[in-house]
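Spelled out from the first residue to the last, the chains are:
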Amino acid sequence: MADTMVICVFLPFLVALVAPAVARMLGRRSGWLLALVPAGIFVSFWRSLPIAPGETHTWRIPWVPDLGVELAFLADGLSTTFAILITGIGALVLIYAGDYLAGDRRLGRFYGFILAFMGSMLGVVLADNVVTLFVFWELTSVCSYMLIGFNNETETGRASALKALIVTGAGGLLLLAGLILMMIAGEQLGLSSADAGRISALTTVDLRGHELYPAIFALLVLGCVTKSAQVPFHFWLPAAMAGPTPVSAYLHSATMVKAGIYLLARMHPILGDTWLWTNVVTAFGLVTMLVGAIATLGQKDLKRILAYSTIAVLGTLVMLIGVGTEMAVKTAVVYLVAHAFYKASLFMVAGNIDHETGTRDVTVLGGLRRLMPFTAAAGLLAALSKAGAPPMFGFIGKELLYTTKLSIESVGAYLVIAAVIANVALVASALMVSVKPFLGRSRPTPKKAHEATVAMVVGPVLLAFLGLARGLYPEPFENNLGSAAASAILGENVTMKLKLWHGVDPVAMAVLGLSLLTLAVGFGVYTMVKTRLEPIGRAMHRLEAIGPGRAYELSLEGLYRGAGWFTQIIQSGYLRHYLLATLAVAVAVVASPLVRGLREISGLPVGSWRVHEVVVAALAMGGGVLAATLRSRLAAVAALGTTGVAVALLFVLFSAPDLAMTQMVAEALTVILLVLVFYHLPRVVPRSRWGSRVRDLGLAIAVGVVMSVLVLTVATIQPDLAVSEYFLAQSGPAAHGRNVVNVILVDFRAMDTLGEITVLAVAGLGVFALLRLRLSRRKEEVS
Amino acid sequence: MRGSLILQTGTRLLQMLLLLFSVFMLLRGHNEPGGGFVGGLLAAGAFALYMLAYDVQAARRALRVNPLTLVGVGLLIAAASGAAALIVGRPFLTGLWHAKPIPGIGKVSTVLAFDIGVYLVVVGTALLIVFTLAETERDG
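Counting of residues starts from 1 at the beginning of each chain's written sequence and follows it residue by residue. Chain labels run from A onward and ligand labels from 1 onward, assigned in the order the entries are written. It should be noted that, the model being predicted, local features are given only for residues of pLDDT at least 70 and side-chain atom pairs only at 80 or more, the latter also being counted only at that level, while totals for whole chains, interfaces and linings use all residues.

Draft legend 1. Seen up close, helix α12 (residues 245-253) of chain A. All names here are of chain A. Backbone-placed C-beta atoms define the burial measure: a residue is buried with 20 or more other C-beta atoms within 10 Å of its own, exposed with 12 or fewer, and partly exposed in between. Helix numbering and strand numbering both begin at the N terminus, where a helix is a DSSP run of H or I of at least 4 residues and a strand a DSSP run of E of at least 2. Most of α12 is tucked away: nine of the nine residues are buried. Every buried residue belonging to α12 is among Thr245, Pro246, Val247, Ser248, Ala249, Tyr250, Leu251, His252 and Ser253, and all of these are buried. In this description, any two residues whose backbone-derived C-beta atoms lie within 7 Å of each other are considered to be in contact. Next to the buried residues of α12 lie α4 (77-100), α5 (107-126), α6 (130-148), α13 (257-271), α15 (302-323) and α16 (326-357).

Draft legend 2. Structural view of the domain arrangement of chain A. Where a domain begins and ends is set by an automatic assignment or by a domain database. Partitioning chain A into domains gives domain 1 (1-167 + 195-210 + 238-259), domain 2 (323-531), domain 3 (534-563), domain 4 (575-604 + 693-718) and domain 5 (616-686). Between the C-alpha centres of domain 1 of chain A and domain 5 of chain A the distance comes to 64 Å.

Draft legend 3. How the structure looks around unusual backbone geometry. A cis amide bond links valine 231 of chain A to the next residue, proline 232 of chain A, at an omega of 10 degrees. Mapped onto the elements, proline 232 of chain A comes out in the loop between α10 (213-227) and α11 (236-239). Despite not being glycine, methionine 256 of chain A has its phi angle at roughly 50 degrees, a positive value. Looking at the secondary structure, you find methionine 256 of chain A in the loop between α12 and α13. The backbone of leucine 93 of chain B shows a phi angle near 75 degrees, a positive value even though the residue is not glycine.

Draft legend 4. Representation of the interface of chain B and chain A within the structure. Counting residues at the interface gives 40 residues for chain B and 40 residues for chain A. Those elements that place two or more of their residues in the side of chain B that touches chain A are α2 (36-53), α4 (67-87) and α5 (110-139) of chain B. Here the element with the most residues in the side of chain B that touches chain A is α5 of chain B; it accounts for 17 residues. In this classification, Asp, Glu, Lys and Arg are treated as charged, Ala, Val, Leu, Ile, Met, Phe, Trp, Tyr, Cys and Pro as nonpolar, and every other residue, Gly included, as polar. Looking at the side of chain B that touches chain A, its residues break down into 23 nonpolar, 11 polar and six charged.

Draft legend 5. Spotlight on the environment of valine 435 of chain A. Residues and elements named next belong to chain A. Secondary-structure assignment places valine 435 in helix α19 (residues 412-438). Here valine 435 falls in the buried class, since 21 other C-beta atoms lie within 10 Å of it. Distance from valine 435 to valine 221, taken between C-alpha atoms, is 37 Å for residues 214 residues apart in sequence.

Draft legend 6. The arrangement of helix α1 (residues 5-28) of chain B in detail. Residue and element names in this part refer to chain B. Expected helix span is taken as 1.5 Å per residue step, with the number of steps being one fewer than the number of residues. Counted at 1.5 Å a residue, the expected span for α1 with its 24 residues is 34 Å, and the 34 Å between its end C-alpha atoms agrees. One axis is fitted to the seven residues ending at the residue and one to the seven starting there. The bend at that residue is the angle between these axes. Of all bends in α1, the biggest is about 30 degrees, found at threonine 11. The set of residues buried in α1 consists of Leu18, Ser22, Met25, Leu26 and Leu27.

Draft legend 7. Representation of the pairing of strand β2 (residues 69-75) of chain A within the structure. Residues and elements named next belong to chain A. Of all seven residues in β2, six are buried; the element is thus mostly enclosed. One bridge is not enough; two strands pair if DSSP finds at least two bridges between them. Across seven bridges, the pairing between strand β1 (residues 57-64) and β2 is antiparallel. Looking at the pairing, histidine 57 lines up with alanine 75 of β2.

Draft legend 8. Inspection of the nonpolar core at higher detail. Core analysis: the biggest nonpolar cluster contains 213 residues, and Ile114, Leu126 and Leu317 of chain A have the highest contact counts within it. Here this core takes 20 residues from α16 of chain A, the largest share from any one element. When residues of this core are sorted by domain, at least three fall in each of domain 1 (1-167 + 195-210 + 238-259) and domain 2 (323-531) of chain A. Those residues in contact with leucine 317 of chain A, other than ones at most four positions away along the chain, are Ile261, Ala332, Tyr335 and Leu336 of chain A. The term nonpolar core refers to a set of buried Ala, Val, Leu, Ile, Met, Phe, Trp, Tyr and Cys residues connected through C-beta atoms within 7 Å. The next biggest cluster of nonpolar side chains, apart from the first, holds 61 residues, and it includes Val665, Ala761 and Leu771 of chain A together with Ala43 of chain B.

Draft legend 9. Local environment of the confidence of the model for chain B. Summing up the model confidence of chain B, the mean pLDDT is 86 and the portion of residues at 70 or higher is 93%. With pTM at 0.73, the complex prediction returns an ipTM value of 0.91. For every residue, the predictor states its confidence as a pLDDT score lying anywhere from 0 to 100.

Draft legend 10. View of the environment of methionine 661 of chain A. Its location among the elements puts methionine 661 of chain A in helix α28 (residues 657-678). Beyond its immediate sequence surroundings of up to four residues, methionine 661 of chain A is in contact with Pro33 and Val38 of chain B.

Draft legend 11. Structural view of the environment of glycine 186 of chain A. Residues and elements named next belong to chain A. Structurally, glycine 186 is set in helix α7 (residues 155-188). On a C-alpha basis, the gap between glycine 186 and threonine 204 in space is 9.6 Å, while along the polypeptide they are 18 residues apart. Non-local contacts of glycine 186, meaning those with residues more than four positions away in its chain, are made with Leu191, Ala196, Leu202 and Val205.

Draft legend 12. The arrangement of the packing of helix α1 (residues 2-26) of chain A against α5 of chain A in detail. Residues and elements named next belong to chain A. Axes, fitted as lines to C-alpha atoms, cover a helix only where it is in contact. Angles between the N-to-C directions of the axes lie from 0 to 180 degrees. Between α1 and α5, whose axes approach to 7 Å, the crossing angle comes to 175 degrees. Put simply, α1 runs roughly antiparallel to α5. Residues Met5, Cys8, Val9, Phe10, Pro12, Phe13, Val15, Ala16, Ala19, Pro20, Ala23 and Arg24 of α1 form the contact with α5, whose own contacting residues are Leu107, Gly108, Arg109, Tyr111, Gly112, Leu115, Ala116, Met118, Gly119, Leu122, Gly123 and Leu126. Among the residues making up the contact of α1 with α5, the classes are represented as 18 nonpolar, four polar and two charged. An angle counts as roughly parallel when it lies under 35 degrees, as roughly antiparallel when it exceeds 145, as roughly perpendicular when it falls between 65 and 115, and as oblique in every other case.

The structure is reproduced here in structure tokens:
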């Protein structure tokens, strides 16, 4: 099992690379073929069952041993439950997508990303090292960015993808900090560096008592609640509806948002059961549950209703993990699985409706049951599970939820009320997505509706029936994955017992009563809301305008503005400004040590002046003065050339022929380049304002003075000649050359030269690209 | 830009001489003043002169290869000459020398190959910029 586990994580990534080619060859049928990958992984995990509470399989290899980083995987009840959901639902989604996106040229890209996403998600739930976990965690963010932004030609598609990436990415950074702190704390508590990075080993020490615990807790929880779309970070999830429906079905049911739930569950034995954990995590969940559930009522779009109901369920799950009692954890496991089944199913149903009728607006849908019988059956069954009606798996989940709430002594009653409110809203929204479109009288739709293809029906029907089968016959789950997963979350071995009918003890009757009450009130709310969607929707919209989603938009806008403002200040686009800044900084940096060491320039080598030296120096200086004062560009360039030639002469006088030659040739080429550039400049040279000319003069004098002082200082310093002498001595014997300058360039320090010519080539390419860009733009304008 | 007859006639001679001189500079560089860099600049100057006398298209034809290709090939030669040492187990960029000098060229070595690489990169980059600038000017 251990070795196949690793293959299972990396196989989807490998197949992702060839998926585009497969999609190009097979088109819409490629889904059936590619689905074999997750199906195979599913079977491999399935065959490792039954898994006993506390049973684990591990696999690890060192990665960066010094830092305690290893590539480590571990499969226990919790991981296996998730892996089975990820691959099982994944296979159905792949099949579904083949027909949903049939004929779309981006199908291959979709398959590539969704397979990579699947691999990342498997990596998250199987990782046993914190760094391994983080890498896969971030990969899920990146892949989901690509999937949500699948419709990258639309503004909303891009903005939604960015929103998801920023929110979950920011959370990911916090998570990284939390994980590192956890490693540090683990090491301080006596673990080896390898063990401190190992999630399974961290359960053996008491991190809750460590002084870093509050920080670790806060960072980890923030990482999880951003990923799992808890209020106030929930706004990215409804926006993520911009992605195609198969993506939504997958993101909401088994992956992405469940990663946060998974990590909270995984961390529960390490960090849970403290005052902080119980209160903060439960509060996040409670608020999210209520906000999500109530928000479902104002939506018209099928997918948005489902999105908000996902938020409500995520809240419920977070709340249950926050409560953290044995009962609560078992409930969370059941609720998680039940939700995965019905949510994937409902999203695919919504996709079918959208695909076949051309609209997702519930107010215009109705009576589709005759036209789309299979989709309707799947939708109704899944909605029953969502509503928590007997005998569905969702019913067991809700019964457990109420029982859990009643079993909490102090605040249990409030939690029960909150849970009932949330579930009433969920019942109403379940009816809205499944009863409203399918029952009643039929209405005209943008497209002539008919049943979807086999590939698009098999997934929702299968998952909906699984919800029914698990409800009627929960034993295979409870003794196996259910118990093992709950044990992994609790950190101690427990067994689970699930029942549809609990007999006639008072608690069970109370719970049953609550369930029936929920259903009844939910139906009432549905009939009330059904006809008033417009005004409720408007009210909700006004609420959103002051919500955290708006805060996100404002801060993003502020960031853009701030960046624009800042860039305008430091990037004026005028060469003279850059030159000004560069020279001023250079003067400041060079001048400060020079001023301090000024008295050292005492032993200046004042020799006799020879006539030709004076002439050359006068030439150089005269050229400079002329270049600055002449009004004609061409004349100024000629004047500059004079200075250049004078400098070359200086090199000759002081026996540096290599330099002189290079200077001369470079001077010639510079003149050619300048003349060519002149064609692009305005003919008249406008005089700058008086003030800026004074400033430039000051700077020019400063540069000149600093350079002169620098040269003079250098002349007085006795350099360490060891290197020069070595080069001089070795040039002949070791490098077979008498010209030391060139030997240094091409042999002793050839690495530098290689770097320099690379820079030269890149700079040349840059100039080329910039000029070409202008050239092609001009050609476009002409044509 | 229309070239003068005098410049054009002179350029034909000068270009030959300049190119020969640039190769001479390249080869003698190891022992006398010269080397790949100045040689490359000279060669670039020769073609720039040609461009001034005729036009860009003519200069491009005279060069025969795209300057961009020269840049790439030059970098490749320089890097490969350094990598040659790796094959015989010496550190990257260690100079390897052929035992006997070849008449007219001198001693053959990976160091010379490296210098040729430098030469080509310099010619290529300089001409890439000059030609592209000149073309922008012509179209503008």
